[in-house]
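Secondary and tertiary structure notes
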Amino acid sequence: MAQSPNNNYISIGKIAGTHGLKGDVVLKHALGQRTALKDLKTLFIKDKTGSYLPWFLESAKIKSETETFVKLEGLDSVEAARPIVQKEVWLATADFDKHAAKNSVISFIGYTIIDNGKEIGRIEEIIEQPHQVLCRLLVDGKEVLIPLHEETLQKVDAKAKIVYVSLPDGLLDIYLS
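As a starting point, this report considers the structure included with it. (Residues numbered from 1 in each chain as written. Predicted model: local features only at pLDDT ≥ 70, side-chain atom pairs only at ≥ 80, totals over all residues. Heavy atoms only, no water.)

Counting secondary structure elements, the chain contains three helices and 12 strands. Taken along its principal axes, the extent of the C-alpha atoms in the chain is 55 × 30 × 25 Å. The long-range share in the chain, meaning contacts at least 24 apart out of those at least 6 apart in sequence, stands at 53%. For the chain, the accessible surface area stands at approximately 9800 Å², while carbon and sulfur atoms represent 51% of it. Side-chain charges in the chain split into 22 positive and 24 negative, and the spacing between the mean points of these groups amounts to 6 Å. (Helix = DSSP H or I, 4+ residues; strand = E, 2+ residues; numbered from the N terminus. Contact = heavy atoms within 4.5 Å. Areas by Shrake-Rupley, 256 points an atom, 1.4 Å probe, with all protein chains shown as cover. Lys, Arg positive; Asp, Glu negative; His and termini not counted. Charge placed at Lys NZ, Arg CZ, Asp CG, Glu CD.)

Set out below in structure tokens:
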């Protein structure tokens with residue numbers, strides 16, 4: 001899950017498929033909680049030019065911990081819904097803050113990582129893998145992947161938006177040298 005370059009949008013997942021015959025779709029999300037996206041009016045899907053196009057929500061219903069059935073305005077058949085299947089879904093930052101679980105890893109996007117008292121950078125993207133979570137940062141113009149697991153994660157200060165880590169010696173040197 002990533003944050004847009006202008007910080008206005010945060011990726012929450014993708015359209016996994018269609019559901020039923022009336023154009024409903026399944027949103028597979030990483031919001032960290034079951035959600036019917038209550039009070040959400042708009043989802044965004046990036047087009048080929050990189051613009052975030054609004055899709056207006058008619059209704060949403062919980063399917064599971066990580067999936068929600070969504071009915072979008074203008075999609076009234078399976079054929080109409082197919083073009084958005086497998087597309088990445090984004091929320092406006094303010095909407096993301098309302099719908100993401102406060103303790104979910106995806107909520108760390110935009111947090112600052114501090115390694116043993118030294119500021120490393122801001123989390124641009126969260127990459128969830130089966131046994132660990134990676135945070136993608138840009139440090140001195142270079143991409144750096146920081147693993148978050150029980151050995152590296154020290155604490156999280158949600159109020160200050162800081163993730164404290166203790167990284168293995170030499171990990172940053174691999175990326176920065």
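Further notes follow.
Attention shifts here to the layout of surface pockets. Each pocket or cavity is described by its volume, and for the largest pocket that value is around 250 Å³. In terms of residue count, the dominant contributor to the lining of the largest pocket is helix α2 (residues 93–99) (three residues). Residue composition of the lining of the largest pocket, grouped by class: seven nonpolar, four polar and three charged. (1 Å grid on protein atoms, 1.4 Å probe; cavity = no way out; pocket = protein on both sides within 12 Å on 5 of 7 lines; lining within 4 Å. Points joined across faces, edges and corners; volume = space filled by probe spheres on them. Nonpolar A, V, L, I, M, F, W, Y, C, P; charged D, E, K, R; others polar.)

In this structure, serine 104 sits in the loop between α2 and β7 (112–115). Among the polar contacts listed, one links the side chain of serine 104 to the backbone oxygen of alanine 101, at a separation of 2.9 Å. (Polar contact = N/O pair within 3.5 Å; in protein donor to acceptor, adjacent residues only side chain to side chain.)

Time to look at the pairing of strand β8 (residues 118–128). Relative to β8, β7 is paired through four bridges, and the arrangement is antiparallel. Along β8, the bridge assignment pairs isoleucine 114 with glutamate 119. Between β7 and the antiparallel strand that follows it, β8, lie two residues; asparagine 116 among them carries a positive phi value of about 45 degrees. In this sheet, strand β9 (residues 133–139) lies alongside β8 in antiparallel orientation, the contact comprising five bridges. Of the residues in β9, the one forming a bridge with glutamate 125 is arginine 136. In this antiparallel pair of consecutive strands, β8 and β9, the connection spans four residues. (Pairing = 2+ DSSP bridges.)

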